[in-house]
Every structure is written in C-alpha cells, then in structure tokens.
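Observations on chain architecture
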Amino acid sequence: MNTLLLPSPPFHLRLPPLHFLPPPPLLRHRHHFHAASQQLTTIAADDHDLYDAALLPNPHYDFAPLLTFLSNHPDPPTPLDLVESYAAVPAPLWHSLIKNLSSSPSNFPTAYALVSWLQRHNLCFSYELLYSILINALGRSEKLYEAFLLAQRRSLTPLTYNALIGACARNGDLEKALNLMERMRRDGYQSDYVNYSLIIQSLMRNNIVDVSILEKLYGEMDADRIELDGQLLNDVATAFAKAGDVDRALYFLGVMQGSGLSPKTSTVVAVVSELGGLGRVEEAEAVFEELKEGGLKPRTRAYNALLRGYVKVGALRDAECVVSEMERCQVLPDEHTYSLLIDAYGNAGRWESARIVLKEMEANGVKPNSYVFSRILASYRDRGEWQRSFQVLKEMSNCGVSPDRQFYNVMIDTFGKYNCLEHMMAAFGKMKEEGIEPDTVTWNTLIDCHCKQGHHGKAEELFEEMQETGCSPCTTTYNIMINSFGAQERWDDVNGLLGRMQSLGLLPNAITYTTLVDIYGQSGRFDDAIECLEAMKSAGLKPSSTMYNALINAYAQKGLSEQAVNAFRVMRSDGLKPSILALNSLINAFGEDRRDAEAFSVLQYMKDNNLKPDVVTYTTLMKALVRVDKYEKVPAVFEEMLLSGCTPDRKARAMLRSALRYMKSALKV
DNA sequence: GGTTAATCAT
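The structure reproduced in this document is the subject of the present report. (Residues numbered from 1 in each chain as written. Chains lettered and ligands numbered in written order. Predicted model: local features only at pLDDT ≥ 70, side-chain atom pairs only at ≥ 80, totals over all residues.)

Time to look at the overall build of chain A. Of regular secondary structure, chain A possesses 37 helices and zero strands. Residues classed as buried in chain A amount to 43% of the 669 residues present. Expressed as a percentage of contacts within chain A between residues at least 6 apart in sequence, the contacts between residues at least 24 apart total 67%. (Helix = DSSP H or I, 4+ residues; strand = E, 2+ residues; numbered from the N terminus. Buried ≥ 20, exposed ≤ 12 C-beta atoms within 10 Å, placed from the backbone. Contact = placed C-beta atoms within 7 Å.)

Moving on, we get to the protein's contact with DNA strand B. Of all residues adjacent to DNA strand B, which total 50 residues, the nearest are E335, N409, N444, N549 and K651. Tallied by class, the residues present in the surface near DNA strand B amount to 14 nonpolar, 26 polar and 10 charged. (Near = placed C-beta within 6 Å. Nonpolar A, V, L, I, M, F, W, Y, C, P; charged D, E, K, R; others polar.)

Moving on to helix α28 (residues 491-503). With 13 residues, α28 should cover 18 Å at 1.5 Å per step; its first-to-last C-alpha distance of 18 Å lies within 8% of that length. Those residues of α28 that fall on the buried side of the exposure criterion are V494, L497 and M501. What you see down the axis of α28 is that its buried residues fit within an arc of 60°, all on one side. Turned more than 90 degrees off the buried face of α28, the exposed positions are D492, N495, G499, Q502 and S503. Structurally, α28 contributes buried residues whose contacts are with α27 (475-487). A positive phi of about 75° marks G505, the residue just after α28. (Expected span 1.5 Å × (residues − 1). Arc of directions from axis to C-beta.)

The subject of this paragraph is helix α21 (residues 370-382). Helix length check: α21 (13 residues) gives 18 Å between terminal C-alpha atoms against 18 Å at 1.5 Å per residue, within 8%. Residues V372, F373, S374, R375, I376, L377, Y380 and R381 constitute the buried set of α21. Tucked inside the fold, the buried residues of α21 contact α19 (335-347), α22 (388-398) and α23 (405-417).

The next thing to look at is unusual backbone geometry. Unlike most non-glycine residues, N419 shows phi in positive territory, near 65°. Position of N419 relative to the elements: it lies in the loop between α23 and α24 (421-433). Its identity is not glycine, yet E489 carries a phi of approximately 55°, on the positive side. Mapped onto the fold, E489 is located in the loop between α27 and α28.

Here you go:
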C-alpha cells in the first residue's frame with residue numbers, strides 16, 4: 001500500500017485554477033505514521049515469503065500433525081511431546097499459518113482452535129494480532145456477528161478495534177463502524193488508514209454521501225495525520241465529488257498529481273460527472289480532456305459524465321457532439337446515454353426528437369426500460385410540467401415497458417409536489433394493484449407531500465399505515481414526522497419520535513438536527529434550538545451553514561436582530577462561509593427590527609465580498625423600507641435589482657406594487 | 001445508473 005510502489009502516472013492532470021488552496025495537510029507526515037495497528041495490513045503486503053512458506057510443507061516444521069490433531073480435538077489436553085515439537089516455531093510463521101487457514105471459511109474452526117491452543121501453551125506472542133487476523137477474516141466472509149462475538153471476549157485493543165471496524169465497513173454496517181471509530185478515538189487510539197478507505201467506500205455505497213460524516217472523517221484524518229495512500233486519495237476525492245464538494249475533489253486530484261500518482265478512471269469520472277451536474281461544463285471538459293491526453297480511452301461511463309454537464313446547461317449541440325464522438329470512437333451508448341439525450345430533447349421541448357432517440361435505442365438493441373422513463377418524468381417534474389406524467393405513461397406502454405417501483409415513486413412525488421394529492425393517491429393505488437410493494441421512499445414521499453399541503457392528520461395516518469404494512473420507518477421518515485409534529489408544536493410527540501429513533505439505533509443526522517433547530521426556532525423556543533445545535537456538535541457532526549441559516553432565519557422573523565447577528569458571528573467562528581441565504585436572513589432581521597440602514601450595510605458587505613445579491617436580497621430590502629414607511633426609496637431598489645441583472649419574480653413585483661400603493665394613499669392624505 | 005427529508009423575501 002506504499003505510495004512509492006505504485007506505477008508512475010500515465011498522465012498529469014492540469015487543473016483549472018484551484019491552486020489557491022493550502023498545501024496538503026495530510027502528506028506532511030507520511031513516514032511517521034506507523035502505529036502497531038498497521039501490522040495487520042503490513043503482514044498482508046510484505047510477508048509473502050513467510051505466507052507462502054506456511055502453505056508448503058515447511059523444511060523445519062510440519063504443521064500437518066498439529067492441524068489434524070486440533071481439528072479432531074478442539075478441546076485438548078495435547079500430548080506434551082506434540083507441544084514441544086512446535087516450541088521453536090517463530091511467531092511470524094504462526095501468524096502466516098493462521099492467516100492462511102482463516103482465509104477459507106471451512107478451516108475457520110481449526111484456525112480458532114489453533115489460536116486458543118497457542119495461547120494456552122504460550123507459544124506465540126501478540127495474541128491480539130492473532131485475534132485480529134481471525135476477526136478480519138470473519139469480516140471478509142460476511143460473518144460480522146461472529147466477529148463481534150470474538151471481539152467482545154476481550155477488551156478492545158487497537159488491533160482488534162481496527163479489525164472490527166474493517167469488518168463492519170466491509171459488511172455495510174456504517175453506523176457500527178463509525179461508533180467503533182468514535183470509541184477507539186476516545187480510548188486514545190488512532191484508526192488504520194485502510195479503515196478510512198473502507199468506511200468511505202461504505203459511505204459511497206448508496207451513492208449519496210453524507211457531507212457531515214465525510215467532513216468529520218476528514219477532520220479526524222487530518223488531526224491524526226493519517227497517511228493518504230493512493231487508494232485513500234482516490235476514495236476521498238470520489239467521496240467529496242459525490243458529496244457535492246467538487247472543489248475539494250479537484251484539490252485531491254491535484255494532490256495525487258503532485259505526488260506522482262494517477263487518479264483512477266472512476267475518480268475522474270465522478271469528478272467530471274459532478275462538475276457537469278453543477279453546470280461547470282468547461283472544467284468538466286478540461287478534466288475529461290486530461291483523461292484522454294493521458295492515453296486512457298474514455299468508455300461509456302466517462303462520456304456519460306461529460307454528457308450530463310451539457311444536458312444540464314442545455315447545450316444540445318455539444319451533447320450531440322459527444323454522442324457522435326462516441327460513435328466515432330466506437331464506444332457503445334448505454335441506457336444512461338440515451339436517457340440523458342432524451343432528457344436534453346425533453347428539456348428543449350423537442351418531444352419528437354426524444355421519440356426518435358427512443359426508436360434509435362430500440363434499433364441498437366438497448367431496450368428502453370422503466371429507468372429511462374423515470375428520468376424523463378423527473379425532468380418534466382423539475383420544470384413544473386406534471387401533466388406530462390400521463391403522456392410519459394402512455395409512451396411507456398407504447399414501448400411495452402411497465403412502470404416499476406422507482407418510476408411510481410417519481411410519479412407520486414411529481415403529483416405530490418404540485419398539489420395533486422388525488423392523482424398522487426391514485427398512482428399509489430395503481431402501484432399496489434399491480435403488485436408493486438411500496439418501499440420507504442414511497443411512504444416518505446406520500447407522508448411528506450401531505451405535510452407540505454398542511455394535511456398533518458392524514459400524514460400521521462399514513463405513518464401508522466406504513467408500519468402496519470410492515471415497512472420500517474427510516475431516518476428520513478422520522479425527519480419528516482419530526483418536522484410535521486414540530487409544525488404543530490407537538491413537542492412531546494417530537495421527543496417521542498426521537499426516543500423511538502434511539503431505541504431502534506437510528507442515529508439523528510445533520511438533517512434531523514437542522515429540522516429541530518428550525519421547528520424550535522420558528523416557534524420562538526430559542527433555548528431548545530440552541531440546545532439542538534450543541535447536541536449536534538457533541539455528536540461529532542459538523543454544524544452546517546444550513547443549520548445556522550435556520551437559526552438566523554428564526555431570529556430574523558421575530559425581529560431579533562441582535563441575536564441574529566450573534567448567530568451569524570458564531571457561524572463565522574465555526575469556520576463557515578457566509579452564504580447569500582444567511583445574509584438575506586440578516587437583512588430580514590434588520591428590516592424586521594426597523595434598522596433599515598444596517599440592512600443596506602449588509603448589501604454593501606455582499607458587494608464588497610463578491611457575493612451577488614439575488615431577487616430575495618432586493619425584495620427583502622424593499623420590505624425593510626416599507627417597514628419604516630420609506631416607500632419613496634423602494635422604486636430605486638427595484639431599479640438597482642434590474643440593473644444588477646436580477647429577474648424580478650412575482651414576489652418582487654408585489655413588493656414594489658404595495659410600496660407604490662402606500663405612496664399614493666399617503667399623498668391623498 | 002433513476003426516486004424521499006432541513007435553511008432566505010409576500
């Protein structure tokens with residue numbers, strides 16, 4: 001796993017101007033971190049000779065009699081001469097033998113018997129290492145429960161901690177892995193870098209990366225000065241890309257380049273895809289070009305990532321170019337390629353072209369499936385054209401494709417988001433009629449849409465029904481219900497939900513805490529709100545700007561400008577950048593507190609700090625003026641908004657109109 | 001590979 005052993009890079013990334021970032025903090029001490037905990041992985045990497053030696057009949061030691069004896073008599077006494085014949089075996093040979101044995105699940109009982117035997121006769125050193133080899137092997141063969149049993153028989157040491165964390169991460173039990181890591185840190189040990197890789201990989205497995213967890217992990221790695229090897233750098237870069245922090249991801253690509261490592265294609269693809277998703281197509285293209293210049297042939301997934309960007313910004317010509325380049329390079333388009341292309345035509349209102357793509361798809365032997373149609377439906381939903389649902393459904397059946405669960409989930413969400421609760425419930429009924437079992441996403445969508453329309457009673461009924469039909473609520477479900485009970489100021493029920501989460505072992509996430517801050521803040525319970533903020537910090541989650549925004553907003557709406565400013569300061573001292581959202585709330589706070597001059601000084605602050613004021617900024621400023629009866633100053637603000645390139649929306653125009661109305665009535669008097 | 005939850009102006 002040493003970075004020096006990796007092949008030299010086939011290409012060098014030239015990155016867009018992002019080199020304002022500080023030098024890599026994690027690479028300063030790469031040669032200093034060699035905790036005992038790493039021995040486990042070191043054995044795997046470095047002791048090939050010994051490892052092989054243990055497989056073969058050893059010139060000095062024949063283990064066969066011992067192993068035969070142990071598999072027949074797991075519970076000795078062992079004849080003394082048998083014990084003595086192994087007294088001089090060097091420890092590394094035992095380590096290798098156990099590792100070799102436990103790599104095959106059928107030999108596991110023998111491996112375990114051997115470890116117990118060695119300990120009983122005190123023939124080896126570092127039993128912790130032996131046990132961690134066993135735990136590690138159990139984790140690799142999906143025997144997490146057995147791994148825990150084995151670990152719990154003794155107090156946890158760095159070696160067993162690491163083996164157990166690895167076992168959890170490999171088996172997708174992220175929560176247990178994180179809890180163990182936390183305990184390990186509290187006990188004063190640092191975790192193995194391999195475990196950081198395994199945990200980050202497990203974090204990415206469901207494709208949505210929780211930024212707070214990632215930030216927390218990265219903070220620990222930084223604090224512990226964990227060495228970032230090639231694998232971990234790739235994992236961290238990919239995770240940051242998938243978490244939406246593409247600048248961080250680009251930075252780690254740069255770090256790899258600087259250390260002479262080549263990023264994996266999958267890492268580059270994740271970055272290109274994320275850049276595309278953010279509409280940063282020039283950068284996406286630049287990184288993609290680097291991939292090609294390095295002599296690597298991009299395949300379908302890489303092209304799809306680039307295509308995503310062009311579709312996102314509506315660059316239809318560029319999107320078409322990508323597809324023709326794929327043809328030229330004989331890279332076969334897949335369902336994803338086609339569905340992106342269909343998205344692009346759909347977004348441009350070119351339904352006919354989209355239909356042609358569907359035909360082409362069939363002609364090329366890629367059968368359209370529910371996935372493609374759910375993408376089409378989602379893009380209509382995002383543009384507000386929920387009526388198209390029926391058309392998509394018809395088109396689908398023309399192609400002989402039946403909707404699957406996820407398609408129905410999108411459809412239910414589409415109707416729910418546009419106030420069509422009857423259509424939504426009808427779709428839900430049809431889904432069940434067709435024998436498709438609703439999942440947590442289905443129920444969450446149904447419940448949340450009812451909450452959003454203010455039908456909290458129905459939402460609660462659905463929450464009960466969900467459980468009656470045997471579908472277990474997840475963290476998201478609880479977050480939705482906490483929000484609903486909070487809106488109704490049912491504080492005991494909110495606590496009831498939190499208690500149930502805890503008894504089920506569901507950890508509150510950043511959204512849970514933010515929701516709590518929001519609902520407590522909105523109803524003026526600021527002490528409770530701040531308590532939640534503290535609880536989040538002590539749970540080890542990094543407070544997000546969203547959370548502070550919720551708090552600032554709550555103070556703002558009550559006209560408590562001093563407290564809002566204070567919350568803003570605390571946010572800054574936590575190292576969070578002021579966002580437009582937070583500053584708009586601050587303007588609102590001053591406005592509601594009749595401090596219009598200060599509201600305008602926030603506008604100045606935005607301009608001085610290269611933050612572009614938006615429609616909300618100007619609308620809130622106009623409101624601040626109305627609040628202090630300075631109607632005559634409103635039109636100038638509206639004017640400035642237009643000049644700064646903001647398109648006024650309904651609310652902005654309404655604000656101007658009401659100011660003009662007040663002016664007129666003031667003139668009459 | 002697609003779907004769900006929290007933050008700004010009437």
